[in-house]
Structure formats: C-alpha cells, structure tokens
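Results of the structural survey
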Amino acid sequence: MNCLRFAAALSLSLPLFSKGAEPAYANDFQSAEVGKVPKDFLVVSGAFTVQQDGANKFLGLPGAPLDTHGALFGPAQMDGMSATAKFFGTKTGRKFPAFGLSLNGAGGYRLQVSAAKKQLEIFKGDEARLGVAFEWPDATWVSLRIQARKTPAGAWVIEGKAWPASGVEPEKWSIALEEKDAPAAGRPGIWGSPFSGTPIRFDDIIISAMR
C-alpha cells in the first residue's frame, strides 16, 4: 500500500479506537530500504527482508526453510493495546501456509490463520489454546486484529478476528480466549510458517489503543 493510501486508511481506522487516539506504532514499509530489515524490528528467526512489488513495499519471508519464523516490533505492553496487520500467502497443491500476529513477546498470545486446518487459532507460545472455523482465501491479503484486555471480574480475554483486507472489518470478534493469569509485558510480533514452500508477505502494521 502506498503512503497516501496507508495514511487515508489509518485515518479511517482511528475512530475505531478512543477519540483522538494516535497509533503507538505504524509501519507500511514505504520508507524502508529494500533488502534490509527495518531497524526497529527484532528478528527472532527467519530471513525477513523488505521487498517491493510495483509501487508497494512490504516485509517478506521466503518460502524456505519450512519452519515457524517471527519478528518483534513496536512498544512492549501487557494489555490495553490492539494490533493489526495484513498478510499474504499462497498454497501449493495441498500444502498451505500459516501466519499470525502476536502480543506480549515471543512467548505471548498469537492469533494465527492455520490454513491447512481451516481454522483461526489463538496460541500461547507454541501451544494452540483455542480454534474456530475459518476459510482462508488463497492468494488474498488478509487482515488480522488481536487484543488482550482485563475484565471487571479480573480475568483476561484475548480476542481476535480475521477478514479479507479488501473488505470491511467485522464488528464482532471471531475468537476469544479467557485466561486467569495476566499476560507478560512484551513487544508485538508477526509470524509466518511457509509450509507451502512459497513466500509470505506482511504489511500495514498498526498498534493502537484497545477498542
């Protein structure tokens, strides 16, 4: 997405948060150097690099090795923040990618599209905690949103949703996991598992106040 379109989309997204709120972090990679990793990213694993397709720049992950790779970015937080990002992947025959967006550090909560399982899942670290049906649209940009909040009763709820990036964000959350323990403070992250052997793209990351 070019800078003008990203700025317009960002301005439209702001009313979804508290009035007058400004994003704590936003990156559309348009000012990033191709072939490099943005300086504010901490790569956990994987050969992430900024790439370009026409006028659009994005963060790319190659189709090998077939493992789970991730990178952290933005400010560390425990709760009160909402993260969104766009993801693009393709299948090869019966092989499908998986990708996700996380909060609370490398071992925190991750909202993941598990295309082979036809599910949208919430992970805690590497452990799948909850899943709901989700039909992943192949070769289409998909948006994810995740947030963690404390309830009046003292429990913690991790909520997530996924939708085609060209469409309208659903009002309702697609999945919600209730936990007793407070999440750890940590940076958000993006994750990709190129099990189809094809690259995964990441774009338009926004961290802002919780809805």
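Just so you know, these numbers come straight off a predicted model, no measurement behind them.

When helices and strands are tallied, the protein shows one helix and 15 strands. Counting over 211 residues, the protein shows a buried share of 50%. Sequence separation of 24 or more characterises 62% of the internal contacts of the protein that already satisfy a separation of 6 or more. Carbon and sulfur atoms form 55% of the exposed surface of the protein, whose accessible area is close to 9700 Å².

This next bit is on the side chain of S114. Among the structural elements, S114 can be located in strand β8 (residues 109–114). Residue class for S114 comes out buried when judged on its relative accessible area of 5%. A polar contact is formed between the side chain of S114 and the side chain of Q112, at a distance of 3.0 Å. Looking at S114, its side chain comes within polar contact range of the side chain of E121, at 2.5 Å. Once you skip the residues sitting within four places of it in the chain, S114 turns out to touch A98, Q119, E121 and F123.

Pairing is possible between side chains of opposite charge, provided their charged atoms come close. A complete count under the given rule lists eight salt bridges for this structure. Between R201 and D53 there is a salt bridge, with its nearest N and O atoms 3.2 Å apart. Here D53 lies in strand β3 (residues 49–53) and R201 lies in strand β15 (residues 200–209), a separation of 148 residues in the sequence. Here D53 falls in the partly exposed class, since its relative accessible area comes to 43%.

Turning to the packing of aromatic side chains, a few remarks are in order. Tallied over the entire structure, the rule returns eight aromatic pairs. Here F88 and W141 contribute two aromatic rings whose centre-to-centre distance is 5.5 Å and whose plane-to-plane angle is 50 degrees, an arrangement assigned as tilted. Here W141 lies in the loop between β10 (127–133) and β11 (142–150) and F88 lies in strand β6 (residues 81–88), a separation of 53 residues in the sequence. Residue F88 shares its accessibility class with W141, and that shared class is buried. These aromatic residues form a ring-pair network of at least three members: Y25, F29, F41 and F73. Above the ring of W191, the side-chain terminus of R110 is found at 5.8 Å from the ring centroid. The lysine or arginine in question, K124, covers the ring of Y109, its NZ or CZ lying 5.6 Å from the ring centre.

Structurally, F99 can be placed in strand β7 (residues 98–103). Other than its neighbours up to four places away in sequence, F99 contacts F87, L111, Q112, V113, W136, V142, L144, W191, G192 and I200.

Bringing the confidence of the model for the protein into the picture now. With 90% of its residues at a pLDDT of at least 70, the protein reaches an overall mean of 90. Here residues 1–20 scores under 50 on pLDDT; set against residues more than four positions off or in separate chains, the count is 35 contacts.

Quick look at the pairing of strand β9 (residues 119–124) now. Where β8 lies against β9, six bridges are found, and the strand directions are antiparallel. Note that in β9 the partner of R110 across the bridge is F123. Taking the residues between adjacent antiparallel strands as the criterion, β8 and β9 are bridged by four residues, where K118 takes a positive phi near 55 degrees. Sheet analysis places β9 next to β10, joined by six bridges and oriented antiparallel. Following the sheet pairing, K124 is matched in β10 by E127. In sequence, β9 turns back onto β10 through a hairpin of two residues, with G125 there showing a positive phi of about 65 degrees.

What follows concerns the pairing of strand β5 (residues 69–72). Each regular strand carries side chains that alternate between the two faces of the sheet. Judged by which residues are buried, β5 turns out to be covered on both faces: H69 and A71 on one side and G70 and L72 on the other are all buried. The sheet contact formed by strand β2 (residues 42–45) and β5 spans three bridges and is antiparallel. From the neighbouring strand, L42 faces β5, where its bridge partner is L72. As defined by bridge partners, β5 adjoins strand β14 (residues 189–193) across four bridges and the pair is classed as antiparallel. Looking at β14, one finds that H69 is bridged to G192.

What counts, and where the lines are drawn
Residues numbered from 1 in each chain as written. Predicted model: local features only at pLDDT ≥ 70, side-chain atom pairs only at ≥ 80, totals over all residues. Heavy atoms only, no water. Helix = DSSP H or I, 4+ residues; strand = E, 2+ residues; numbered from the N terminus. Buried < 20%, exposed > 50% of the residue type's maximum accessible area, 1.4 Å probe, protein only. Contact = heavy atoms within 4.5 Å. Areas by Shrake-Rupley, 256 points an atom, 1.4 Å probe, with all protein chains shown as cover. Polar contact = N/O pair within 3.5 Å; in protein donor to acceptor, adjacent residues only side chain to side chain. Salt bridge = Lys/Arg side-chain N within 4 Å of Asp/Glu carboxyl O. Phe/Tyr/Trp six-rings, centres within 6.5 Å; stacked < 30°, edge-to-face > 60°. Lys NZ or Arg CZ within 6 Å of the ring centre and 35° of its normal. pLDDT = per-residue confidence, 0-100. Pairing = 2+ DSSP bridges.

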